[in-house]
Amino acid sequence: MNGFNRNPWIDWLLKLYVLLAFAFIFAPIAASFIFSFNVDRFPSLPLGGFSMIWYEAVANDPLVWQGLRNTLMTGLVVSVLATAIGFGAAYTDFRYRFFGKTIYVALALLPPTIPVVILGLAMLAFLSNISLSGAIYSVIIAHVVMCAPFAMAIIRLRLSQMDPSLEAAAWNLGASEWMAMRHVIIPFCKPAIFSALFITMAVSFDEFAVAWFVSGLNETLPVKVLGFLQGQVSPRINVIGTFVFLVSITLVVLAQILLMKRSSAPAKQAATSGEEII
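Residues numbered from 1 in each chain as written. Predicted model: local features only at pLDDT ≥ 70, side-chain atom pairs only at ≥ 80, totals over all residues. Heavy atoms only, no water.

- An unreviewed UniProt entry lists the protein chain under the name ABC transporter permease, with Falsochrobactrum shanghaiense given as the organism.

1. Structural notes on the overall build of the protein chain
- Across its full length, the protein chain holds 13 helices and zero strands.
- Going from the N terminus to the C terminus, the protein chain shows its helices and strands as α-α-α-α-α-α-α-α-α-α-α-α-α.
- The buried share among the 278 residues of the protein chain stands at 38%.
- Contacts in the protein chain between residues at least 24 apart in sequence constitute 74% of all its contacts with a sequence separation of at least 6.
- Of the accessible surface of the protein chain, which amounts to about 16200 Å², a share of 72% is contributed by carbon and sulfur atoms. (Helix = DSSP H or I, 4+ residues; strand = E, 2+ residues; numbered from the N terminus. Buried < 20%, exposed > 50% of the residue type's maximum accessible area, 1.4 Å probe, protein only. Contact = heavy atoms within 4.5 Å. Areas by Shrake-Rupley, 256 points an atom, 1.4 Å probe, with all protein chains shown as cover.)

2. Points about the packing of aromatic side chains
- The tally for this structure, following the rule as stated, stands at five aromatic pairs.
- Here the aromatic rings of Tyr91 and Tyr96 are separated by 6.4 Å at their centres, their planes lie at 90°, and the arrangement is edge-to-face.
- A centroid spacing of 5.5 Å and a plane angle of 75° characterise the contact between Phe98 and Tyr104, whose relative ring orientation is edge-to-face.
- Since its relative accessible area comes to 33%, Phe98 is described here as partly exposed.
- Given a relative accessible area of 25%, Tyr104 falls into the partly exposed group.
- An aromatic cluster is defined as three or more aromatic residues linked by ring pairs; in this entry it consists of Phe87, Tyr91, Phe94 and Tyr96.
- The ring of Phe188 has Arg158 sitting right over it, with the charged end atom 4.5 Å from the ring centre. (Phe/Tyr/Trp six-rings, centres within 6.5 Å; stacked < 30°, edge-to-face > 60°. Lys NZ or Arg CZ within 6 Å of the ring centre and 35° of its normal.)

3. Description of helix 8 (residues 177-206)
- Its 30 residues give helix 8 an end-to-end C-alpha distance of only 38 Å, which falls more than 12% under 44 Å, the value for a rise of 1.5 Å per residue.
- The largest bend along helix 8 measures about 60° and falls at Lys190, with the proline Pro191 one to four residues further on. (Expected span 1.5 Å × (residues − 1). Bend = angle between axes of the 7 residues up to and from the residue.)

4. Observations regarding the confidence of the model for the protein chain
- Here the protein chain averages 78 in pLDDT, while 84% of its residues score no lower than 70.
- In the predicted structure, residues 263-278 sits below a pLDDT of 50 and forms 18 contacts with residues beyond four places in sequence or in another chain. (pLDDT = per-residue confidence, 0-100.)

5. Quick word on a nonpolar patch on the surface
- Together, Tyr17, Val18, Phe22, Phe24, Ile25 and Phe26 make up a nonpolar patch on the protein surface, roughly 690 Å² of accessible area in all.
- Of note, Tyr17 is situated in helix 1 (residues 8-35).
- Given a relative accessible area of 60%, Tyr17 falls into the exposed group. (Patch = residues over 30% accessible without salt bridge, like charges linked within 9 Å, V, L, I, M, F, W, Y side chains within 5 Å. Salt bridge = Lys/Arg side-chain N within 4 Å of Asp/Glu carboxyl O.)

6. Quick notes on the side chain of Thr200
- Tracing the backbone shows Thr200 in helix 8.
- Residue Thr200 is classed as buried on the basis of its relative accessible area, which comes to 0%.

7. Remarks on the pattern of salt bridges
- Across all of its chains, the model carries two salt bridges by this definition.
- Close ionic contact of Asp93 with Lys101 constitutes a salt bridge, the shortest N to O distance being 3.6 Å. Here Asp93 matches Lys101 in class, with each residue buried.
- The partner of Arg156 in a salt bridge is Asp93, with the nearest N and O atoms 2.6 Å apart. Highlighted residues: Arg156 in helix 6 (residues 136-159) and Asp93 in helix 3 (residues 62-95), separated in sequence by 63 residues.
- Look at Arg156 and you get partly exposed, because its relative accessible area is 33%.
- Put simply, Asp93, Lys101 and Arg156 are held in one network by salt bridges that share partners.

Pasting the structure below:
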């Protein structure tokens, strides 16, 4: 049987389908970006005129800056804690064999599958019972619960590409478990670790439903946007939405670049690290 010749029309239809899918997804975001420069208060076409007044209004709003500070601080702390917990959970799955391991992995990856409203109510009830609700660290705790499974999944995927005998070889050459972790496991997982940092920060930066339940007066930026919507339609929403999208997409793109890195340097370093650590 001769080789299969693909119909060029199919290729064009597939490309058209992809373009339409991207257009459907990004059209509302592009519209929000365009209307953020509209001088009129309400979105309208054609634009009433080009203006930066809504960016100036956001820049001069202390409530927005307070929400941005809360969001950035929460995102930074959550990314570090969630990645550390995710790394520990992924390494446990990679290294050890124990009874109920399948259940362990399923429970570790469960939080993102729970509807955010239910998770927010559950976190509010739990944190209220231990007198921790209504503070910025309440949002951090809730977001760590949500983001740690993402970090675990990313690092777990990276560890699945590693030969388990590399760590054992380091032990045989005299390295302790901690030294093998430092010189073998962590260098190999470094791209995934940084990718997990960016992804968890992006998830925390965007999330508002759980933060709305547990933040109290310490609102993050997405919760501030919800407050604007509950009051009156404000063009500032387009400005804040543009900023949040640019930050989030930048973090996701950086994470994707690191995750797609397929350099053999970590493996070579792991294979030769025994000489460095004895």
